[in-house]
Amino acid sequence: MVIGDVLDHEAKALAEELNANAGGRLVGAVYLDVRHAADWRTTVEVCEREFGGLDILINNAGIARLGGIESTPEEDWGAVMDINQKGVWLGMKNVVPAMRRRGGGSIVNISSIWGMVGSPAMIAYGGSKGAVRVLTKSAAAQYAHEKIRVNSLHPGIVLTPMTAEAPEGALQPAIDGTPMKRTAQPEEVAWAALFLASDEASFITGAELAVDGGYTAV
C-alpha cells in the first residue's frame, strides 16, 4: 500500500506506524499533489517498483470553501475544482494503465452527500463533488470490459480535520437533518471504501454509496 499526500511528513509517520504494527514493510509514503500529473506518475512508479503493482485507488484528496453562486470568489472556485475534480480525473488517468497491466482493479472516488443534493452555502464544493459522481459513472462504463471497477462514495458529515475548520455551528443544520442525528467517524467511511474496493463488490461498478446516516434518504 502507498499513501500519497501533500502532507508527506504525516504520510510517512502513518506509514511507519502501520509498518511497525505489521512487523514489516507493507506501506510506503510519497509526496502527492493530486493537481499534478508528474506526482501521479511518480506514485504509480513507486507502487509498481516497490509493491509489485497497483490494484486499488482511493481518490480521497479534497478541500471545501463556503459560499454561494455570487459570494464565491473565482480563486476559491478554481482551487476546489483543481483538487476535487481535476485531481480525481488525473488519478484515474494515471492508474488505469497500471491496473490494465494487472488485469483489472478497483477505483473508489470519494464524493460527498453534496454531490447528490444541493447546498446554497457550498456551491464550489457541491459542484466539484457532483462532477466526481458523473466522472465515476463515465469511467465505470468505459473500463468495465477491462475488469476495472469504478464507484463513488458519498459521506455525510465526518469528524475530520476539514470539518473541524468549519465555522462554529455551520455544520449543525446538516447534523440536525441526519436521521441518525450524529456525525460519522472516519472508520465508518473507511469500511465502506474497503467494501467497494474488495472482491466482495465484484459485480458493482458505476454505483454511488451514501455513508450519511440517512441524510439523502429524506
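Residues numbered from 1 in each chain as written. Predicted model: local features only at pLDDT ≥ 70, side-chain atom pairs only at ≥ 80, totals over all residues. Heavy atoms only, no water.

J.: Just give me the short version of unusual backbone geometry, but keep the residues and values in it.
T.: One non-glycine residue, Lys147, adopts positive backbone phi at about 65°. Position of Lys147 relative to the elements: it lies in the loop between α4 (123-143) and β5 (148-155). On the accessibility criterion, Lys147 (63% relative accessible area) is exposed. (Helix = DSSP H or I, 4+ residues; strand = E, 2+ residues; numbered from the N terminus. Buried < 20%, exposed > 50% of the residue type's maximum accessible area, 1.4 Å probe, protein only.)

J.: Which residues make up the packing of helix α2 (residues 37-51) against helix α3 (residues 74-102), and what values go with them?
T.: Running from N to C, α2 and α3 cross one another at 30°; their axes reach a closest spacing of 10 Å. Classified by the interaxial angle, the pair formed by α2 and α3 is roughly parallel. By crossing handedness, the relation of α2 to α3 is classed as right-handed. Residues Ala37, Trp40, Arg41, Val44 and Glu48 of α2 pack against Gly87, Leu90, Gly91, Asn94, Val95, Ala98 and Arg101 of α3. Among the residues making up the contact of α2 with α3, the classes are represented as six nonpolar, three polar and three charged. (Axes fitted to C-alpha atoms, helices over the stretch in contact; angles between N-to-C directions. Parallel < 35°, antiparallel > 145°, perpendicular 65-115°, else oblique. Left-handed = near helix turned anticlockwise from the far one by under 90°. Contact = heavy atoms within 4.5 Å. Nonpolar A, V, L, I, M, F, W, Y, C, P; charged D, E, K, R; others polar.)

J.: Summarise the side chain of Lys129; cite the residues concerned and give the values.
T.: As for its position among the elements, Lys129 is in helix α4. Asp5 is the oppositely charged side chain nearest to the buried, salt-bridge-free Lys129, at an N-O distance of 13 Å. Contacts of Lys129, omitting those with residues within four sequence positions, involve Asn84, Ile110, Ser111, Ser112, Trp114 and Gly115. (Lys, Arg positive; Asp, Glu negative; His and termini not counted. Salt bridge = Lys/Arg side-chain N within 4 Å of Asp/Glu carboxyl O.)

In short, the description is geometric, and any link to function would need to be established separately.
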